[in-house]
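# Understanding the architecture of this molecule
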Amino acid sequence: MPGYNHAAIEKKWQALWASHKVFATNIHDHARPKFYVLDMFPYPSGQGLHVGHPEGYTATDIIARYKRANGFNVMHPMGWDAFGLPAEQYAIKNNVHPRDTTAKNIARFREQLQAIGFSYDWSREVDTTDPKYYRWTQWIFLKLYDTWFDEKQQKGRPIRDLIEEFRTGQREIPNLIAGPPVPGKPWDQRLPSVQRAVLAHYRLAYQAEVPVNWCPGLGTVLANEEVIDGKSEVGGFPVERRPMKQWMLRITAYANRLLDGLHKLDWSDSLKEMQRNWIGQSEGAEVNFAIDVDPKRVEETEGLSITVFTTRPDTLFGATYMVLAPEHPFVHTLTTSEQAEKVESYQRWARSRSDRERQEDTKKTGEFTGSYAINPVNAQRIPIYIADYVLMGYGTAAIMAVPAHDERDHEFATKFNLPIVQVVAPKDASIVDVQKAAFVEEGIAVNSPWIEGLPTQEAKTKMISLLEENETGKRQINYKLRDWLFSRQRYWGEPFPIVHLSDGTTVPLSESELPVKLPELEDFKPTGTIDPPLSKATDWLNVKVDVKDLGGDYVAHLDASGQPARRELNTMPQWAGSCWYYLRYLDPSDEDNFVAPTIEKYWLRNGVDLYVGGVEHAVLHLLYSRFWHKVLFDRGLVSSDEPFHKLVNQGMILGENHEKMSKSRGNVVTSDSMVEAYGADSLRLFEMFMGPLEQVKPWSTAGVEGVYRFLQRVWRNMIDPDEADPNKANKLLERHPDGKTDAWWTSTGDLPRDQHAQAEADYQSLLRPLHRTIKRVTDDIERLSFNTAIAAMMEFNNLLAKTKYITLDIAETFLRLLEPFAPHFADEVLSIIRPDLRGQGVVSISQRPWPVYDPTLLIDATVEIPVQVNGKLRSRVTVPNDADEATAVAAALADPEVQKFLAGKEPRKKIFVKGRMVNLVV
RNA sequence: GCCGGAGUGGCGGAAUGGCAGACGCGAUGGACUCAAAAUCCAUUGUCCUCACGGGCGUGUGGGUUCGACUCCCUCCUCCGGCACCA
């Protein structure tokens, strides 16, 4: 039987679109408004695509096609996030070079995506592992290295500006070595090593010996964001803390900007909230506690003070002891000889505890140092403890403990028998027993001479200003966000454009030396030690360089007659390439710029207009990328402050059994199998018909059949009428332009005169529903409500099935609405019913403009409105659409059903909503 | 524990203060067929009723309103994030 045969259609149209460059974007056409619609580019795994992958891609493709139809210059690219741990793990497991597996996987992914008919401009494809691409990733790293964050201006600036400020004395040169401040020598008289150390203190990219997340199972260190419950996000191997010298990016400098920037973004509240929580801003105060001088050790302890951070300065009178993190630098000095053994043993024990153990066991442990501090508000002598519930990485790594008003301090104080003093009382004057449990809520300050009787908020403010007057403290804002650990002991990543001189000096390579290509290595497996795999590239790692001094800043050129140096052997993490790929898409072939300014200005005005991807990147990629973008913005390299204006997270697609799709559960449905059985158009339609884009929803292959049947019904309505039903034969009509009923044609010749009235009646009956459908589909696409847009088209098609005749213009308009969802199908049907279009240069229906609805056709002359009696629906009456209250109420009162429920009583209240309803209250 | 989000037929879902269950899946009956598939037609929240009709119904309990799936409060359940962050 002839009919809709998806297999015969889809490859043909994909080839036609490609050969006619239907979806090629002209990046230089800046006359039209632009629309940049972006997918989170995939990591090309060996598994290929399952039906979860095309969900977001289909949504963006519909938007891209819809925006093109509305006259926008659309950027809709695709590429590959191909560096990183998963690629390398896969390569090791299968004993092949990651370059080869990556190339193979990319080819497979590309083919699978192309089979779904996405309207990507494939000439813009990027691959993060291509030296032509990662050259610019390295280039941006050099910019980060060359940037410092000016707190006053809240802006990243070039290092040369910092040097200039030091040189001219505008900025004091910081003293990096602990001890009393010494008046410094002028910048140019400082030792080069001091200059370098000072600059490194400011750079956004710096090396530090820090306790890192070392994962022996993967043989690499990981970022905080890559560690879930003490295990690696990839592979689930245990992660331990150990100090190592690593590259860090100073994302904390941008914490405030990253927080502020969220306000103007069109992102979901939950996503913004996740970023806010991750940045973790908290307002409070830093307070200095002087050390009570130990008569036996006057020299070491005199003048020392410990700074703590607290969000509750109002409870300062209740501070009965202090706690330092076990790693706090003062611990050694503060520990008395009597306590030394216990303290050191506790430090060793704390260091050996993995993050996982710490998280599982939150019972309080600690040790007394033997020293005391003086509470600055009441001069009380309070003991100093160390305990691992105080974290090295947050605040000042030291706290004042207020056990009466903090649960953790309460637990610790109870265990170590420390005094608990109440300094906040409940607002309602009820009695609480702080010996039993901490009272953590806000209330009224008590037992606190300076702030007695003040509510918590006022008490905080007053206490801070008093501390500032006494110079014992100051207002302070802290963030949970830590600096980004940016190096990995891996082969399959971007090499750093950095060399180390034989004296240990770190020097960046000149931009002209980029790209620093990954060396070809036979053996790229982890070394089993902390040495990165690149340490095996002996030919590559030793170089000779010529180093230029730029006044404390340096740059290296490769030079065979220069001094010996060793390349940086770490590589960058996977996130590096994905931080800026949306910029490279604009012109991936540009050899002179990472993106040309004129191109960037047009395409990134307000950033990417729509970005769709998984919520799993809420705090990783999306935070890193915003950070890089802000640095690039500060350095004048991009024109917008935020990269992604509107962002939508598609919900995960579960297996048919409502469980997460996975190989081990055996519930994976591949996109290939769906394309083969039902076609790309049915797959696309169903992906969107399942439910709201952002919602998690289970797969249903029966549901795909449903939308497949829908397409077949459209086909039959327009092309192959049911031969068995003579009523349905030859439905399609062309209507004469003057619209006279005398002038109808069928596709096969003149319509018999006795059918003209029927044809006209069918035409008239479809006209209003058609325009309502245009409006519904248009509005629904605009608000990304694709499931209801499809429902509207199904409803309209159900009407088409009921009429005997359909005019060509109605059929074409309907197909135009369908095209973003089922592009191959729409093109095929159009090419059959309008074979003349090809001669007019129209290859695809996607080249035709979006239909416009006639507002006058949305309004009917009369409307049926519900009539309620006492708020309950009792009847319906038909009134003119512009009926006023008197008319509508009169019609309602005249209705026999309504009269029955009024039971002869006169309504005491009449509610009327024009065109909507009448409610009579008795 | 804290912070978000969500609870509507047998299932996916629609309705954002005004006719609850659009659209689709599934199911049941019928037409076509020797038969099956496909297709088409009809029914499909629930209870009472032969029927006409009517009662009840959007997790729970309350509130606001002429009117609540929709707004407010309480509780319950599920999903996601964070979690010794002072």
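Let us look at the structure shown here.

Conventions used here
- All residue numbers refer to position in the chain's written sequence, counted from 1.
- Written order decides the labels, with chains lettered from A and ligands numbered from 1.
- Whole-chain, interface and lining totals are the exception, using all residues; otherwise, since this is a predicted model, local features are given only for residues with pLDDT of at least 70 and side-chain atom pairs are given and counted only at 80 or more.
- Hydrogens are left out, water is left out, and the side-chain values use all remaining heavy atoms of the structure.
- Counting from the N terminus, the helices are the DSSP runs of H or I reaching at least four residues and the strands are the DSSP runs of E reaching at least two.
- Any pair of residues with heavy atoms lying within 4.5 Å of one another is described as a contacting pair.
- In this scheme, strands are said to pair when DSSP sees at least two bridges between them.
- For every element, the axis is a line fit to its C-alpha atoms; helices are fit only across the contacting stretch, and the angle between N-to-C directions ranges from 0 to 180 degrees.
- The rule is simple: put a 1 Å grid over the protein atoms alone, call a set of points where a 1.4 Å probe fits but cannot get out a cavity, call an open set with protein on both sides within 12 Å along at least five of seven lines a pocket, and count a residue as lining if it has an atom within 4 Å of a point.
- Grid points are joined across faces, edges and corners, and a volume is the space filled by probe spheres set on the points.
- Each residue is assigned to one of three classes by its accessible area relative to the maximum for its type, calculated with a 1.4 Å probe on protein chains only: buried under 20%, partly exposed between the two thresholds, exposed over 50%.
- The arc in question is the one spanned by the directions pointing from the helix axis to the C-beta atoms.
- Only a single heavy atom is needed: when it lies within 4 Å of a molecule or strand, its residue is near that molecule or strand.
- Any N or O atom pair separated by 3.5 Å or less is treated as a polar contact, with the protein-specific requirement of one donor-capable and one acceptor-capable atom, and with residues adjacent in sequence counted only for side-chain atom pairs.
- Polar here means any residue other than Ala, Val, Leu, Ile, Met, Phe, Trp, Tyr, Cys and Pro, which are nonpolar, and Asp, Glu, Lys and Arg, which are charged; Gly is therefore polar.
- An angle below 35 degrees is read as roughly parallel, one above 145 as roughly antiparallel, one from 65 to 115 as roughly perpendicular, and any other as oblique.
- Here a crossing is called left-handed whenever its near helix is offset anticlockwise from the far helix by less than a right angle, and right-handed whenever the offset is clockwise.
- A side-chain nitrogen of Lys or Arg and a carboxyl oxygen of Asp or Glu constitute a salt bridge if their distance falls within 4 Å.

Another point: the environment of Ala811. In this fold, Ala811 is placed in helix α26 (residues 808-818). Note: C-alpha distance between Ala811 and Ile833 (22 residues apart in sequence) is 8.8 Å. Setting aside chain neighbours within four positions, we find Ala811 in contact with Met718, Leu732, Ile806 and Ile833.

In spatial order, the strands read β23-β22-β26-β24-β25; together these five strands make up an open sheet with antiparallel pairing. Taken across any chain shown, the strands that pair with only one partner, and hence form the sheet edges, are β23 (506-508) and β25 (554-558). Across this sheet, the average inter-strand angle for adjacent strands is 50°, counted without regard to direction. In this structure, strand β24 (residues 542-549) lies alongside β25, joined through five bridges in antiparallel fashion. Counterpart to Asp549 in the pairing with β25 is Tyr554.

Looking now at empty space enclosed by the protein. Vacant regions in the atomic arrangement are exposed by a probe of water-molecule size rolled over the atoms. Enumeration according to the criterion identifies one cavity of 30 Å³ or more in this entry. A volume near 40 Å³ is recorded for the largest cavity. What lines the largest cavity is simply Tyr43, Pro44, Ala82, Ala87, Tyr90, Thr101, Thr102 and Asn105. Those elements that provide at least two residues to the lining of the largest cavity are α3 (85-93) and α4 (98-114).

Among the residues making up helix α21 (residues 671-678), those that are buried are Ser671, Met674, Val675 and Tyr678. Considered in projection along α21, the buried side chains sweep an arc of 100° and stay on one side of the axis. In this structure, the buried residues of α21 make contact with α1 (6-19), α2 (53-69), α22 (680-689) and α23 (701-718). Positive phi appears at Gly679, one or two residues downstream of α21, with a value of about 95°.

Turning our eyes to something else, we now look at the protein's contact with RNA strand B. The environment of RNA strand B is made up of 54 residues, and the closest members are Lys364, Tyr394, Arg408, Gln695 and Asn919. For RNA strand B, the backbone makes up 66% of the atoms found within 4 Å of the protein, where backbone means sugar plus phosphate. A distance of 3.2 Å separates a sugar or linking oxygen of RNA strand B from a polar atom in the side chain of Thr310. A distance of 2.4 Å separates a phosphate oxygen of RNA strand B from a polar atom in the side chain of Tyr394. For the surface near RNA strand B, the leading source of residues is helix α25 (residues 786-802), giving six residues. Of the residues assigned to the surface near RNA strand B, the class counts are 21 nonpolar, twelve polar and 21 charged.

Moving on, we come to the packing of α23 against α25. In the contact formed by α23 and α25, the axes pass within 10 Å of each other and the chain directions differ by 40°. Relative to α25, the element α23 is oriented oblique. Relative to α25, α23 is oriented so that their crossing is left-handed. Seen from α23, the contacting residues are Val707, Phe710, Arg713, Val714, Asn717 and Met718; seen from α25, they are Met793, Met794, Asn797, Asn798, Leu800 and Ala801. Split by residue class, the contact of α23 with α25 holds eight nonpolar, three polar and one charged.

Moving on to the pattern of salt bridges. Counted by the stated rule, this structure contains 50 salt bridges. Between Asp641 and Arg257 there is a salt bridge; the shortest N-O distance is 3.4 Å. Here Asp641 is found in the loop between α20 (621-634) and β28 (647-649), whereas its partner Arg257 is found in helix α8 (residues 255-260), with 384 residues between them in sequence. Across the pair, Arg257 and Asp641 agree in class, each one buried. Note that Arg816 is salt-bridged to Glu819, the shortest N-O span being 2.9 Å. Taken as a pair, Arg816 and Glu819 share a single burial class, namely buried. Several salt bridges converge on common partners, so that one network encompasses Arg257, Lys264, Arg626, Lys630, Asp634, Asp641 and Glu642.

Among the eleven residues in α26, ten count as buried, and that is most of the element. Among all positions of α26, only Leu808, Ile810, Ala811, Glu812, Thr813, Phe814, Leu815, Arg816, Leu817 and Leu818 are buried.

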